[in-house]
Structures are given as C-alpha cells and as structure tokens.
Amino acid sequence: MKPSIASKLAQLAERLDEVTRLLSSEDATRDMDTFRKLNRERTEIEPVVELYHAHQACEADITTAQEMASDPEMREFADAEIKSGREKLEQFEIELQKQLLPKDPNDDRNVFLEVRAGTGGDEAAIFAGDIFRMYSRFAERKRWQVEIVSESLGEMGGYKEVIARLVGQGAYSVLKFESGAHRVQRVPTTETQGRVHTSACTVAILPEADEVGEVELNPADLRIDTFRASGAGGQHINKTDSAVRITHLPTGTVVECQDGRSQHQNKAQALRVLAARIKDKKESEAHNKLAAERKSLVGSGDRSERIRTYNFPQGRVTDHRINLTLYKMDHIMDGDINELTNALMAEYQAEQLSALADER
C-alpha cells in the first residue's frame, strides 16, 4: 500500500476514535446540530476504518504464515496461507482506494430530468417521449417518485420538451452520466418507403439544490410573468393565470411551469428548477476547467455531445464514451438500464483510481 494512502487511513482511524468519544460524552446531545454532524461523520468513516482494520489483520496473518514457513512440516500449509492472504490483501487495497476516492457532494440528491427533442422533427419528439418513458420506468424500478414539472407535447406524440423531478436516494449518483445527446436510428411510423431515419434528443440531469436559498437568487435579477396555462387540465387550469414563467436576467435562463394547480405552486416549482439550472451551470464551468486538464473517460456531460445511439433495426444500443454495445433494445427502452449506468460508474471509478495511482 502506498504510504500516502496508509497515512490517510491511519488518520481516519484516529478520527473515528475521537468521534466515538465525543458521541459517548455526557454533553454529546447538548448541541443537537453538532451531534447530528458527528453521527453523519461516523456513519461515513466507520466502514472505511473497518475495512482498514481487516487489511491490517490480513497483513498480520501473512506475517504469521511467513514465520510458520520456516518449519518444514508446516511449509506447504504456510505457503497456501500466504498466497490466499496476498490475494485478499490485494482486494482489500482496491476496495480501500475506492472508499478514499473524492465523494461527489451531489450524489445523494434528487434530480431534475430535462428531455428536449433535437433534429428530426416529429420523429425527434416521439423519440424524446420514448427516452422520457425509459427514465420514468427506470425510476419506477428504483421505487423513485416521478413528478412532471413542465411539458410541451409534440404534434404527432412524444414531447418537444419535458421536465420532471425524480425523487429518490442517490438519484444523481446513478443518472449523472446520462446528460448529452441521444441519437435514434429507426423507421418512423410516418415513413411510407421503409427508410431508416436518424433523429435525436438531448438529456440534462441536474442535481436539485437542497433549498432555493443554496443558490443566491436576487429578486432584482428575476422577471416573473404569469399567463393562462394551455393543454389538458380542465376548466380550472384554462380559466386562471396560474402558469408562471421566470427569467433570470443575468444569464437569460427561462423556466416555465404550468402543471401545478395554483400560481403559488408553479412559482415555487419554477424557482427550484431555476436554482438547479444555475447550480448546474456553475458546476459545469468548474468541471470544464478540470476536464481541460484531464478529460474524463465518460465525457464532459455537454448536452451537445453525442453519448449514445439507439439502432432499432439492429436492436442495439451503443454508448460511445465507453464503447459498450448491448443487444437488448426492448429491455433498455422499458427502463432496464442498470447495465449501462453501472458500466459508466465503473469506468469513472477506474479513471479516478488511475489518477490516484499517479499521485506522488
């Protein structure tokens, strides 16, 4: 194990002892905010320290086996123990390195999913609807809640644009590599010659801000317009100016929300989406500076970057960032995308581990 990693682990073990003592003291619950923070810290570092102690125990077992190997009668047994121990040690070290990788502070957050039709006219809108359904079905499989915030329907079906809030533990950690351009190749239902068409939609995955206050929104920078909602919804939604459009003047970001039953609900939801977009913009700028120095294997997450192709005639889905092709179109379009999301996360972790290994 590298000395730098061993040093970090030793410090974490000391810190766990310190946190445990603080939580066991008589004054521990006097300040409940501090008590909760200490509990969270212990929950985060305890599994790492347990793994570290298992690593130390494995090292001790190898040392004992090496001492036994000097006895001719025990050599065969000792050699087998040494070999087994070293294999375990290697696995412990890989797991410990993963545990020490920098944590993304957004990983546990809910997300806003935005899907927009791109090139391809009506077929692009239909495909945007298919992609939105794919993510909705995936969310259902995860037992996440799906709340549509805003939608603009396509003339032949699907969506010109749809925004939804996905509520579930770790939603961002699972979906954060889905941002980008998704391309489809298939024969549209409107095509009479049987020709394969290519169209696209863009996907944006935005981590939800804990509160709107997490992103500073100066009221002077906001223009808020109300208007009569369109589309389905009955008499109420069509007869009152319940729909809300908020424009963030410094960035030109515009958010509309009309699915709520009241102007108050729509304004609150629009502010949440606006905060998430501004937060994402700031973090993307910081990420792009970092990516310029060392490009991520899973891409920049740029909305214009083509990340995946869905080829219906061949029944294959290809993720271009990691050269993964799966021949299970029906399952994927029905929301079974675990294989894709897991592969992207594994590639990302491998890149981080490589960077950690390069550190001096």
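Here the structure is a predicted model, which means the values were calculated and not measured.

Parameters and conventions
Residues numbered from 1 in each chain as written. Predicted model: local features only at pLDDT ≥ 70, side-chain atom pairs only at ≥ 80, totals over all residues. Heavy atoms only, no water. Helix = DSSP H or I, 4+ residues; strand = E, 2+ residues; numbered from the N terminus. Pairing = 2+ DSSP bridges. Axes fitted to C-alpha atoms, helices over the stretch in contact; angles between N-to-C directions. Contact = heavy atoms within 4.5 Å. Polar contact = N/O pair within 3.5 Å; in protein donor to acceptor, adjacent residues only side chain to side chain. Buried < 20%, exposed > 50% of the residue type's maximum accessible area, 1.4 Å probe, protein only. pLDDT = per-residue confidence, 0-100. Expected span 1.5 Å × (residues − 1). Salt bridge = Lys/Arg side-chain N within 4 Å of Asp/Glu carboxyl O. Parallel < 35°, antiparallel > 145°, perpendicular 65-115°, else oblique. Left-handed = near helix turned anticlockwise from the far one by under 90°. Nonpolar A, V, L, I, M, F, W, Y, C, P; charged D, E, K, R; others polar. Core = buried A, V, L, I, M, F, W, Y, C linked by side-chain atoms within 4.5 Å.

Draft legend 1. Representation of unusual backbone geometry in the model. Notably, Arg143 is not glycine yet its phi reads approximately 65°, a positive angle. Among the secondary structure elements, Arg143 is positioned in the loop between α4 (121-141) and β2 (145-153). Even without glycine at this site, Asn323 takes up a positive phi of about 50°. Within the secondary structure, Asn323 sits in the loop between β10 (316-319) and β11 (324-326).

Draft legend 2. Focus on the sheet that holds strand β6 (residues 222-227). The 3 strands lie next to each other as β6-β7-β8, forming an open sheet whose pairing is antiparallel. Both outer strands of the open sheet, β6 and β8 (253-257), are each paired with one neighbouring strand and no more. Recorded for the sheet is a direction-independent mean angle of 15° between the axes of neighbouring strands. Looking at chain direction, β6 and strand β7 (residues 243-248) are connected through 6 bridges and run antiparallel. Within β7, the residue paired with Phe227 across the bridge is Ala243.

Draft legend 3. Seen up close, the sheet that holds strand β9 (residues 306-311). Judged by pairing direction, the sheet is mixed, and its 8 strands sit side by side in the order β2-β3-β1-β5-β4-β9-β10-β11 without closing on themselves. The two strands at the open ends of the sheet, each matched to only one other strand, are β2 and β11. Taken pair by pair, the neighbouring strands of this sheet meet at an average axis angle of 15°, ignoring direction. As paired strands, β2 and strand β3 (residues 159-167) are joined by 8 bridges and run antiparallel to one another. Along β3, the bridge assignment pairs Ser150 with Ile163. In this fold α4 packs onto β1 (111-117), β2, β3, β4 (180-186), β5 (197-207) and β9, with an angle of close to 115° to the strand it touches most, β4.

Draft legend 4. Inspection of the environment of Asn311 at higher detail. By the secondary structure assignment, Asn311 is in strand β9. The sequence separation of Asn311 and Val196 amounts to 115 residues, and the corresponding C-alpha distance is 9.6 Å. Once you skip the residues sitting within four places of it in the chain, Asn311 turns out to touch Gln185, Arg316 and Met329. Within polar-contact distance, the side chain of Asn311 engages the backbone nitrogen of Gln314 at 3.0 Å.

Draft legend 5. Broad picture of the side chain of Gln185. Summarising the element assignment, Gln185 is placed in strand β4. Assessed through its relative accessible area of 15%, Gln185 is described here as buried. A distance of 2.8 Å separates a polar atom in the side chain of Gln185 from a polar atom in the side chain of Asn311. Not counting chain neighbours up to four residues away, the residues in contact with Gln185 comprise Val196, His197, Thr198, Thr309, Tyr310, Asn311, Phe312, Pro313 and Arg316.

Draft legend 6. Expanded view of the confidence of the model for the protein chain. Across the protein chain, the average pLDDT comes to 85, with 89% of residues at or above 70. Taken element by element, the protein chain is modelled with least confidence in helix α6 (residues 234-239), mean pLDDT 45, and with most confidence in helix α8 (residues 329-333), mean pLDDT 97. Here residues 232-237 is a poorly scored stretch, pLDDT under 50, and it has 8 contacts once near neighbours within four places are set aside; other chains count.

Draft legend 7. Broad picture of α4. Helix length check: α4 (21 residues) gives 31 Å between terminal C-alpha atoms against 30 Å at 1.5 Å per residue, within 8%. Of the residues trailing α4, Arg143 is marked for its positive phi of about 65°.

Draft legend 8. Highlighting the pattern of salt bridges. One pass over the full model with this rule turns up 25 salt bridges. Of the charged contacts in the structure, one is a salt bridge between Glu123 and Arg186, with a shortest N-O distance of 2.5 Å. Of the two residues, Glu123 is situated in helix α4 and Arg186 in strand β4; the sequence distance between them amounts to 63 residues. We classify Glu123 as buried; its relative accessible area is 10%. With its nearest N and O atoms 2.8 Å apart, the salt bridge here joins Arg137 to Glu140. A residue pair is termed a helical-turn pair when its members lie 3 or 4 positions apart in one helix, as Arg137 and Glu140 do in helix α4 at 3 residues. Classification of Arg137 as partly exposed rests on a relative accessible area of 24%.

Draft legend 9. Geometry of the packing of helix α2 (residues 32-68) against helix α3 (residues 75-100). At a minimum axis distance of 9 Å, the contact between α2 and α3 shows a crossing angle of 160°. In terms of their interaxial angle, α2 and α3 are classed as roughly antiparallel. Crossing of α2 over α3 shows left-handed handedness. Class assignment of the residues belonging to the contact of α2 with α3 gives a composition of 15 nonpolar, 4 polar and 6 charged.

Draft legend 10. Structural view of the nonpolar core. Ranked by size, the top nonpolar core spans 35 residues in total, and within it Val115, Ile131 and Tyr310 carry the most contacts. Residue assignment for this core shows that the elements contributing at least two residues are β1, α4, β3, α5 (171-175), β5, β11, α8 and α9 (338-358). In terms of residue count, the dominant contributor to this core is α4 (8 residues). In this structure, Tyr310 is in contact with Phe127, Ile131, Met134, His182, Arg183, Val184, Gln185, Arg316, Val317, Met329, Ile332 and Met333, ignoring residues within four places of it in sequence. Counting residues in hydrophobic clusters, the runner-up holds 20 residues, among them Leu206, Val244, Val273 and Ala275.

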